[in-house]
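# Working through the structure, step by step
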Amino acid sequence: MLKIGHRGARAYEPENTLRSFQKAIELGVNAVELDVRRTRDDQLVVIHNANVNKTTDGNGSVNELTLNEIKGFVTKKGEKVPTLEEAFQFLGKRVTILVELKETGIEEQVLNLVHKKGLTENIIIISFHEDTLRKVRELDSEIVTGLIYVRHKNPVQTALDLNSKYLLPLYRFTHSANVRKAHDNGLKVIVWTINTAEEVAEYKKKGVDGIASDKPEILH
C-alpha cells in the first residue's frame, strides 16, 4: 500500500517544503505528494495555493511573481518555496512522488523535468483537471497518472478514457463498493486526506491501495 505524506508531513512542518518531505520520510512513508504551479517567468515551483500568502511571509499570486521574488519569501520555519527540480533532486528515488498539477499548460514542462531526472518510473502525475491528464497522456504514453476528485458522476469510466491507473477520491465519499468497482476495472484507489488512526484502519479494510495523510506516522 502507498503510505503517502500529504504535502510532506503537513501537520508538523511547513507544507510542500524540503523540510516537510524529509519529515515524512523519517515518519516512514513510501510516497510523497506535492503540488506544482508556474511562476510569471515560467519556472515550476512546489506550492498548493494560487498565491503565496497562506504559506509564506510574502504576498501575491504565484503566476504574477518571478521565481526570484518567490525565493525571497520564507515560511514560518524559514524554509524557501522549492522549485520542482529541487524537490526531485531532494527526493530522488527514495519514495514514489505524486505530482499534482494545479493548473493546465504546464504538462510538457513537468514531463521534461521528470525525464531529465530519470524519474519516469517513480512518478504518478495526478490532477483534478481532466484536460491536463489527457495532455499528459498525449505527451507520454507510459507515465502513470491519476484522477483526483471529490464528487464525480463516473470516475471509473473517466479514468479508463484518460488511460489513468489511479482514482484519488476524497476519502469520506469512498465506499467498499467504489473500491471493488475500481479494482474490477483494473484501477487502483488512493484516498485523501485521512488524519486519524481509526479511519486509516477503516479504509485499509475497504481495500484501498493508498492513503494520503498530513500525519504520516498513523499509516503504520
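Everything below is about the structure shown above.
Residues numbered from 1 in each chain as written. Predicted model: local features only at pLDDT ≥ 70, side-chain atom pairs only at ≥ 80, totals over all residues. Heavy atoms only, no water.

### Let's talk about the pattern of salt bridges
Throughout the structure, instances matching the rule amount to 14 salt bridges. Between aspartate 214 and arginine 10 there is a salt bridge, with its nearest N and O atoms 3.5 Å apart. In this pair, aspartate 214 sits in the segment after β9 (210-213) while arginine 10 sits in the loop between β1 (2-6) and α1 (18-26), placing the two residues 204 residues apart along the sequence. The residue aspartate 42 makes a salt bridge to arginine 38 at a minimum N-O spacing of 3.8 Å. Look at arginine 38 and you get partly exposed, because its relative accessible area is 23%. Salt bridges sharing common partners tie together Arg7, Arg10, Glu15, Asp35 and Asp214. (Salt bridge = Lys/Arg side-chain N within 4 Å of Asp/Glu carboxyl O. Helix = DSSP H or I, 4+ residues; strand = E, 2+ residues; numbered from the N terminus. Buried < 20%, exposed > 50% of the residue type's maximum accessible area, 1.4 Å probe, protein only.)

### Concerning α1
Turning to α1, its buried residues number three or more, namely Ser20, Phe21, Ala24 and Ile25. Buried residues in α1, looked at end-on, bunch into an arc of 140 degrees, giving them a common side. Each element contacted by the buried residues of α1 is listed here: β1, β2 (31-38), β3 (44-46) and α3 (84-91). (Arc of directions from axis to C-beta. Contact = heavy atoms within 4.5 Å.)

### As for the pairing of strand β7 (residues 166-169)
Side chains Tyr166 and Leu168 of β7 all project onto a buried face; the interleaved residues Leu167 and Pro169 project onto the opposite face, where all are buried too. Strand direction decides the pairing type here: strand β6 (residues 144-149) and β7, joined by four bridges, are parallel. The residue bridging tyrosine 149 from the neighbouring strand is proline 169, located in β7. Running through helix α6 (residues 155-161), the crossover from β6 to the neighbouring parallel element β7 is right-handed. Since β7 and strand β8 (residues 188-191) lie parallel, the crossover through helix α7 (residues 176-184) that links them has a hand, and here it is right-handed. (Pairing = 2+ DSSP bridges. Right-handed = clockwise from strand over helix to strand, strands pointing away.)

### A short note on the pairing of β9
Burial along β9 is two-sided: Gly210 and Ala212 and Ile211 and Ser213, pointing in opposite directions, are all buried. Two strands pair when backbone bridges link them, and β1 and β9 are joined in this way by four bridges, in the parallel orientation. By the bridge assignment, lysine 3 is partnered in β9 with isoleucine 211. For the segment spanning β8, helix α8 (residues 197-205) and β9, crossover handedness is right-handed.

### With respect to unusual backbone geometry
Tryptophan 192 connects to threonine 193 through a cis peptide bond whose omega is -20 degrees. The backbone of arginine 7 sits at a positive phi, close to 55 degrees, despite the residue not being glycine. For arginine 7, a relative accessible area of 8% translates into the label buried.

### Here we look at the packing of aromatic side chains
Going through the model one piece at a time under the given rule, you end up with two aromatic pairs. Both rings, one in phenylalanine 128 and one in tryptophan 192, keep their centres 6.1 Å apart while their planes meet at 85 degrees; by these two values the pair is edge-to-face. Of this pair, phenylalanine 128 sits in the loop between β5 (123-127) and α5 (130-139) while tryptophan 192 sits in the loop between β8 and α8, and the two are 64 residues apart along the sequence. Judged by its relative accessible area of 37%, phenylalanine 128 is partly exposed. Judged by centre distance (5.5 Å) and plane angle (80 degrees), the ring pair of tyrosine 171 and tyrosine 203 falls under edge-to-face. Of this pair, tyrosine 171 sits in the loop between β7 and α7 while tyrosine 203 sits in helix α8, and the two are 32 residues apart along the sequence. A relative accessible area of 13% places tyrosine 171 in the buried class. A relative accessible area of 3% means that tyrosine 203 is categorised as buried. (Phe/Tyr/Trp six-rings, centres within 6.5 Å; stacked < 30°, edge-to-face > 60°.)

### Remarks on the side chain of threonine 193
Within the secondary structure layout, threonine 193 lies in the loop between β8 and α8. You can call threonine 193 buried: its relative accessible area is 17%. Discounting residues that sit within four places of it in the chain, threonine 193 has contacts with His6, Leu170, Tyr171, Ala212, Ser213 and Asp214.

Read these as layout, nothing more, since geometry by itself doesn't imply function.
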